[in-house]
Amino acid sequence: MGDDQSDRLLNASGPVEIVQTYRDAAEQMFAQSDENAGFFFLTHAFIQALEAGLPEAEDLEKELRDAHRL
Amino acid sequence: MADNLTTGLQNVLTGVEKAHGLPNAHYTDHETYHAETGQLFAKQWAALAFVADLPGNAHVKPIDFIGQPLLLATDRDGTIRVFENVCRHRGMILVDEAKPVPGALRCPYHSWCYDLTGKLRATPHVGGPGHNGHDAIDRSKLGLIEVRSHVWRGIVFVNLDGNAPSFEEANASLIARWAEFEQPLYFGGEDSVFELALNTNWKLAIENYCESYHLPWVHPALNSYSRLEDHYNIEGQHEFSGQGTHVYRQLVGDAGEKFPDLKGLDAKWDAAAEYIALYPNVLLGIHRDHSFAIILIPQGPENTTERIALFYHQPEAIAENYASLRAKNTTQWKAVFEEDIFVVEGMQRGRHARGFDGGRFSPVMDGPTHNFHKWVASTMLDRTDG
């Protein structure tokens, strides 16, 4: 996770922004072919969405399950 | 149990004319206190909280109850459950404060997540970074540990050991006695709940509540219209005792208003009221137009928290136009309960007198208190004998 993403997490206005920041970090890692780091951040996006009751928790859970990461 | 304590309990289990009260150790000794919480609370149906402690669906409230960290929860459908407030991973306390739960409960340690039915939903990184499952971790078997619970008269009861008879079976006599009152209750709201912190053993609050003998001396204002001879004892049942009055008078507001009555009551309730201690730890009062409940939370052998809530029998009584009358009712009852504090705290200090032998009972006036002592003694001896 880059410094800009760390700053976004620290200053996030709420769970929606936190989840998006983790998703962005995951996409960045997948783009760099670092699969483990990508699923690490995707896991954090899922947990934050699950705790906050955000609808995207369902999609994130499916994404992790389909990748045999759940 | 020490022989002298067993002998002391046997001295309770005789006729009221000859019986002594419970030995001092039952009010002052830590070991005896822990034996009591195991036998008299964990194995029975004990009052934990009010339903109204949860302001709506999808809320949780942590409660430390006789040394047990518990979690009172409502799910999204409004079903109330009680769990052990502990993560199944490393035993971390799961929830530290009452709060709404928009999604899942997340353990603050390693973020294992549970839904409000107790199901374990997520175990992040449990199989290594980015791997959220592992063959050794069966999430279907690692949900929150549920504690057996039951709701009655706005109160959440728990049976910690899970082996008591059903609540309805265990309390069949009282439920039948008050069958007419088995109708919806309406919690009065923020103006109808308060707490008292008492420097006394929990049993002394029961003992004082369930007899009318003290009323003319401790509550002179009550006695001005409800005299000692207007009261009757409620005793002879294993699981409760108390007192009743034949001269209950409804509270009247500044404009002459009264709380609306419960529908369908027998005419005897026009002027009657009953005050019953349901063992081990709830004090109940019922009247034609309102009810109250006091939950006793033991905080050690010499400290107790009383949590009091008032309920009404018709929904209009909790509307804004009854706010001043509700506040007046709360103030009136709070004054009565505060008048009892010096008594229960004075008896607690008295239990440190080495020569005190448990005291004696008035065969006429103290039957309900002796009834309670017999329940304590017989239930404690069951453990010893078993």
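About the criteria used
Residues numbered from 1 in each chain as written. Chains lettered and ligands numbered in written order. Predicted model: local features only at pLDDT ≥ 70, side-chain atom pairs only at ≥ 80, totals over all residues. Helix = DSSP H or I, 4+ residues; strand = E, 2+ residues; numbered from the N terminus. Rg over C-alpha atoms; globule rule 2.2 N^0.38 Å. Buried ≥ 20, exposed ≤ 12 C-beta atoms within 10 Å, placed from the backbone. Contact = placed C-beta atoms within 7 Å. Pairing = 2+ DSSP bridges. Nonpolar A, V, L, I, M, F, W, Y, C, P; charged D, E, K, R; others polar. pLDDT = per-residue confidence, 0-100. Axes fitted to C-alpha atoms, helices over the stretch in contact; angles between N-to-C directions. Parallel < 35°, antiparallel > 145°, perpendicular 65-115°, else oblique. Left-handed = near helix turned anticlockwise from the far one by under 90°. Bend = angle between axes of the 7 residues up to and from the residue.

Draft legend 1. View of the overall build of chain A. On a plain count of helices and strands, chain A comes out with 4 helices and 0 strands. In chain A, the order of α-helices and β-strands from amino to carboxyl end is α-α-α-α. The globule rule puts the C-alpha radius of gyration for 70 residues at 11 Å, and the 11 Å found for chain A is close to it. With the principal axes as the frame, chain A shows a C-alpha extent of 30 × 30 × 10 Å. A total of 70 residues make up chain A; the buried ones form 40% of that total. Summarising the internal contacts of chain A: among those between residues at least 6 apart in sequence, 29% fall at separations of at least 24.

Draft legend 2. Structural detail: the overall build of chain B. Helix and strand counts for chain B stand at 11 helices and 18 strands. In terms of overall dimensions, chain B is globule-like: its C-alpha atoms have a radius of gyration of 23 Å, near the 21 Å expected for 386 residues. Seen through its C-alpha atoms, chain B measures out along the principal axes to roughly 75 × 60 × 35 Å. Across chain B, every contact between residues at least 6 apart in sequence was considered, and the portion connecting residues at least 24 apart equals 64%.

Draft legend 3. Just the environment of His59 of chain B, in detail. Within the element layout of this structure, His59 of chain B appears in strand E2 (residues 59-65). Taking the C-alpha atoms as reference points, His59 of chain B and Leu251 of chain B, separated by 192 residues in sequence, lie 34 Å from one another.

Draft legend 4. Representation of the sheet that holds strand E5 (residues 99-100) of chain B within the structure. Residues and elements named next belong to chain B. Strands sit in the order E1-E10-E9-E4-E3-E2-E5 across an open sheet of 7 strands; the sheet is antiparallel. The strands lining the two open edges of the sheet, one partner per strand, are strand E1 (46-50) and E5. Relative to strand E3 (residues 68-74), E2 is paired through 7 bridges, and the arrangement is antiparallel. Across the sheet, Val60 pairs through a bridge with Ala73, a residue of E3.

Draft legend 5. Focus on the interface of chain A and chain B. Across the contact, 15 residues belong to chain A and 15 residues belong to chain B. Sorting the residues of the side of chain A that touches chain B by element identifies helix H3 (35-52) and helix H4 (56-66) of chain A as the ones contributing at least two each. Top contributing element to the side of chain A that touches chain B by residue count: H3 of chain A, with 9 residues. Residues that form the side of chain A that touches chain B fall into these classes: 10 nonpolar, 3 polar and 2 charged.

Draft legend 6. Molecular detail of the confidence of the model for chain B. When pLDDT is averaged along chain B, the result is 95, and 98% of the positions lie at 70 or above. Overall fold confidence for the complex sits at a pTM of 0.95, while the interface term, ipTM, reaches 0.94.

Draft legend 7. Representation of the packing of helix H1 (residues 3-10) of chain A against helix H2 (residues 15-31) of chain A. All names here are of chain A. Where H1 meets H2, the closest approach of the two axes is 9 Å, and the angle between their N-to-C directions is 165°. In this view, H1 runs roughly antiparallel relative to H2, as classed from their interaxial angle. Along this stretch, H1 crosses H2, giving a crossing that reads as left-handed. Listed contacts from H2 to Gln5, Arg8 and Leu9 of H1 are Glu17, Ile18, Thr21, Asp24 and Ala25. Residues of the contact of H1 with H2, tallied by class, amount to 3 nonpolar, 2 polar and 3 charged.

Draft legend 8. Summary view of the pairing of strand E13 (residues 231-234) of chain B. All names here are of chain B. By the bridge criterion, 4 bridges tie E13 to strand E14 (residues 240-245) in an arrangement that is antiparallel. Directly across from His231, in E14, lies its bridge partner Thr245. Taking the residues between adjacent antiparallel strands as the criterion, E13 and E14 are bridged by 5 residues, where Gly236 takes a positive phi near 95°.

Draft legend 9. Structural detail: unusual backbone geometry. All names here are of chain B. Note the cis peptide between Tyr279 and Pro280, where omega equals 5°. The backbone phi angle of Ser111 is positive, close to 70°, even though this residue is not glycine. Within the secondary structure, Ser111 is located in the loop between strand E6 (105-106) and strand E7 (113-114). Given 20 C-beta atoms within a 10 Å radius, Ser111 is considered buried. In this model, Arg153 sits at a positive phi of 50°, which is unusual for a non-glycine residue.

Draft legend 10. Geometry of helix H3 (residues 30-42) of chain B. Glu36 of chain B marks the point of greatest bend in H3 of chain B, at about 25°. Within H3 of chain B, the full set of buried residues consists of Thr32, Tyr33, Glu36, Thr37, Gln39, Leu40, Phe41 and Ala42 of chain B.

Draft legend 11. Quick look at the packing of H2 of chain A against H3 of chain A. Residues and elements named next belong to chain A. Running from N to C, H2 and H3 point in directions that differ by 165°, and their axes come no closer than 7 Å. Taken as axis vectors, H2 and H3 run roughly antiparallel relative to one another. Our pair here, H2 against H3, has a crossing hand that is left-handed. Contact with H2, carried on its side by Pro15, Ile18, Val19, Tyr22, Arg23, Ala25, Ala26, Met29 and Phe30, involves Glu35, Ala37, Gly38, Phe41, Leu42, His44, Ala45, Gln48, Ala49 and Ala52 of H3 and no other residues of that element. For the contact of H2 with H3, the per-class residue count stands at 14 nonpolar, 3 polar and 2 charged.

Draft legend 12. Structural view of the sheet that holds E7 of chain B. One open sheet holds the 3 strands; their spatial order is E6-E7-E8 (chain B), and the pairing between them is antiparallel. For this open sheet the edge positions go to E6 and strand E8 (120-122) of chain B, each flanked by a neighbour on one side alone. Alignment of E7 of chain B against E8 of chain B, held across 2 bridges, turns out to be antiparallel. Residue pairing for E8 of chain B: Cys113 of chain B is matched across the bridge by Ala122 of chain B. Against the sheet, H3 of chain A makes contact with E6, E7 and E8 of chain B, and its axis sits at roughly 140° relative to E8 of chain B, the strand it touches most.

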